[in-house]
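This is what each chain is made of:
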Amino acid sequence: MEWLGHAKTTFTHSPTPLPLNKKDGTPTDLVSICCEATPPCRLNPLLFNGHLQTMWTAIKNDGPPIHYKRGLFENEDPNFKGSFAVDFVVPPFSETDESLPPRTVHLTEEEFGNIGSLDTRPMLVNLHGLSGGSHENYLRQVLAPLVTAAGEREWAACVVNSRGCAMHKLTSNILYNARATWDCRQTVKWLRKTFPNRPLYGIGYSLGANILTNYIAEEGPSCMLRAAVIVSSPWNLDAGNRALQRTWIGREIYSKTMGTNMKKLIDLHYDQVSKGSKLDFAKIRQAKYLHEFDREVQGPTWGYPTEGAYYRDSSSVDSLLAVRIPLFAISAKDDPIAQDEALPYEEMKRTKYGVLCTTTMGGHLSWFETGGTRWHARPAVNFLNTMAFEVELDAPGNLNANGSVKGEEVGDIRFEPMHRKWAP
């Protein structure tokens, strides 16, 4: 137990960090920016370990009010047919819609048709955690100081809800998985066209962090996001699964809770999920733990023979080596879900595009401070504001003829971090 909630903070990174320049011409680098963005980690001393911090999220679920208007999109790729919901942050309103989460209503056709803008505000694309949504407190803690900032420092933001989450109604039998980058990709392309002057940034939480890292890596040097924050990512899903099964509390509390939440999602959308499905719903109902759910759902849905094959193929730990934008990862070493042994310490040392900040306390998506605020919002907001307003970032697609980034040494081409076993 750290003294009075004073957690220690450590940074893992390449010995040759990514060089950057501030807009005033001052040279800097990614490590310096991440370190300067990170304040001391002072947490609630009564929540003195990762279990208490994580379990407190089920009790302390208020937070800053963020209002959204929802747009529905149809995925353009026939391999991933179906709709998905994107919630756009808007000024407060009084309307309510019982079919949606709190402070959320649908965009009217007229509002959606006129949503485009030529303003230059930075815009943040958010991906939430497993079975979560735009209503999550951990997400709103980061959004609030950005979207309420005064004058030219005000941000725009949206949340890409995973299919079937946040009271979105499925329109096909396709849910989502840890590699479900297709809705994020379409959203970013649409944002680039609809808001051509807005610099785009990303932040992902837990499973959404894994998905966002995979998306950024798949895009490589052509990624339209300028920088990203990764919070409480599970990184190595296979290692994390084994760690959860190793202890009673990992199996009976965390894995069982997550498995139950995903089973509820299947039950909620049974009419759509069951259409033309290969799933055995009797086996799904008998599943107790998350890995059993993944065995019965993600395996048959996507063709993986075992949940282990799915975890290994969907993990973002190797994807990190294909990232070509500044990436700031934040994790707690006492996280009981995205556990320390699954974090990419060695991979972070091999890429100049990433920095991993670990705290000795904080739990999973928690980091509760005295008073209920969450510490992770501070370094995330500071980093995003620095990258948006103080640092000169090159445009995407700054490539040499061989596809490498200008000024970057080409690594050993025998290893391809984005070589995946699954293909649509």
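Note that the structure is a prediction, hence the values are computed from the model and not measured. (Residues numbered from 1 in each chain as written. Predicted model: local features only at pLDDT ≥ 70, side-chain atom pairs only at ≥ 80, totals over all residues. Heavy atoms only, no water.)

A few words now on the overall build of the protein. Counting its regular elements, the protein contains 15 helices and 15 strands. The C-alpha radius of gyration computed for the protein amounts to 20 Å, which stays within 12% of the reference 22 Å derived for 424 residues, consistent with globular compactness. Long-range contacts, defined as pairs at least 24 residues apart, comprise 78% of the intrachain contacts of the protein with a sequence gap of at least 6. Accessible surface computed for the protein: about 18400 Å², of which carbon and sulfur atoms make up 52%. (Helix = DSSP H or I, 4+ residues; strand = E, 2+ residues; numbered from the N terminus. Rg over C-alpha atoms; globule rule 2.2 N^0.38 Å. Contact = heavy atoms within 4.5 Å. Areas by Shrake-Rupley, 256 points an atom, 1.4 Å probe, with all protein chains shown as cover.)

Quick look at the sheet that holds strand S4 (residues 27–29) now. What the three strands build is an open sheet, ordered S4-S3-S15; its pairing is antiparallel. Looking at the sheet topology across the chains shown, the edges are occupied by S4 and strand S15 (391–392). Where strand S3 (residues 19–22) lies against S4, three bridges are found, and the strand directions are antiparallel. Looking at S4, one finds that Pro-19 is bridged to Asp-29. Sitting on the sheet, helix H1 (residues 30–37) is in contact with S3, S4 and S15, with an inclination near 75° to S4. (Pairing = 2+ DSSP bridges. Axes fitted to C-alpha atoms, helices over the stretch in contact; angles between N-to-C directions.)

Here we come to the pattern of salt bridges. Within the structure shown, the criterion is met by 17 salt bridges. Between Asp-340 and Lys-333 there is a salt bridge, with its nearest N and O atoms 3.2 Å apart. Overall, the relative accessible area of 35% leaves Lys-333 in the partly exposed class. When salt bridges with common partners are traced through the structure, they connect Asp-119, Arg-121, Glu-154 and Arg-198 into a single cluster. (Salt bridge = Lys/Arg side-chain N within 4 Å of Asp/Glu carboxyl O. Buried < 20%, exposed > 50% of the residue type's maximum accessible area, 1.4 Å probe, protein only.)

The next thing to look at is the side chain of Asn-385. Note on placement: Asn-385 falls in helix H15 (residues 377–389). Apart from residues no more than four positions distant in its own chain, Asn-385 is found in contact with Leu-146, Arg-153, Trp-155 and Glu-390.

Our next topic: the environment of Tyr-353. Along the chain, Tyr-353 falls in the loop between helix H14 (345–349) and strand S14 (354–359). Tyr-353 sits 209 residues away from Ala-144 along the chain, and the two C-alpha atoms are 27 Å apart.

A separate point is empty space enclosed by the protein. Per the counting criterion, the structure on display carries one cavity of 30 Å³ or more. For the largest cavity, the calculated volume is near 110 Å³. Lining the largest cavity are 14 residues, with Val-160, Ser-162, Ala-180, Asp-183 and Ile-211 positioned closest to its centre. Residue assignment for the lining of the largest cavity shows that the elements contributing at least two residues are helix H5 (182–194) and helix H6 (207–219). The element best represented in the lining of the largest cavity is H5, accounting for three residues. Here the residues of the lining of the largest cavity sort into eight nonpolar, four polar and two charged. (1 Å grid on protein atoms, 1.4 Å probe; cavity = no way out; pocket = protein on both sides within 12 Å on 5 of 7 lines; lining within 4 Å. Points joined across faces, edges and corners; volume = space filled by probe spheres on them. Nonpolar A, V, L, I, M, F, W, Y, C, P; charged D, E, K, R; others polar.)

Take the confidence of the model for the protein next. A low pLDDT means the predicted coordinates there should not be read in detail. Residues at a pLDDT of 70 or more form 95% of the protein, whose mean pLDDT is 93. The model gives residues 395–404 a pLDDT under 50, and that stretch makes 18 contacts with residues more than four places away or in other chains. (pLDDT = per-residue confidence, 0-100.)

The tally for this structure, following the rule as stated, stands at 16 aromatic pairs. Arranged with centres 5.0 Å apart and planes meeting at 50°, the rings of Tyr-138 and Tyr-205 form a pair that is tilted. A residue pair is termed long-range when its members are at least 10 positions apart, and Tyr-138 in helix H4 (residues 137–147) and Tyr-205 in strand S11 (residues 200–205) qualify at 67 residues. For the residue pair Tyr-138 and Tyr-205, the accessibility class agrees, reading buried in each case. Here the aromatic rings of Trp-367 and Trp-375 are separated by 6.2 Å at their centres, their planes lie at 50°, and the arrangement is tilted. Here Trp-375 falls in the buried class, since its relative accessible area comes to 0%. The lysine or arginine in question, Lys-69, covers the ring of Phe-93, its NZ or CZ lying 5.9 Å from the ring centre. Between the NZ or CZ atom of Arg-198 and the centre of the ring of Phe-195, over which it lies, the distance is 4.0 Å. (Phe/Tyr/Trp six-rings, centres within 6.5 Å; stacked < 30°, edge-to-face > 60°. Lys NZ or Arg CZ within 6 Å of the ring centre and 35° of its normal.)

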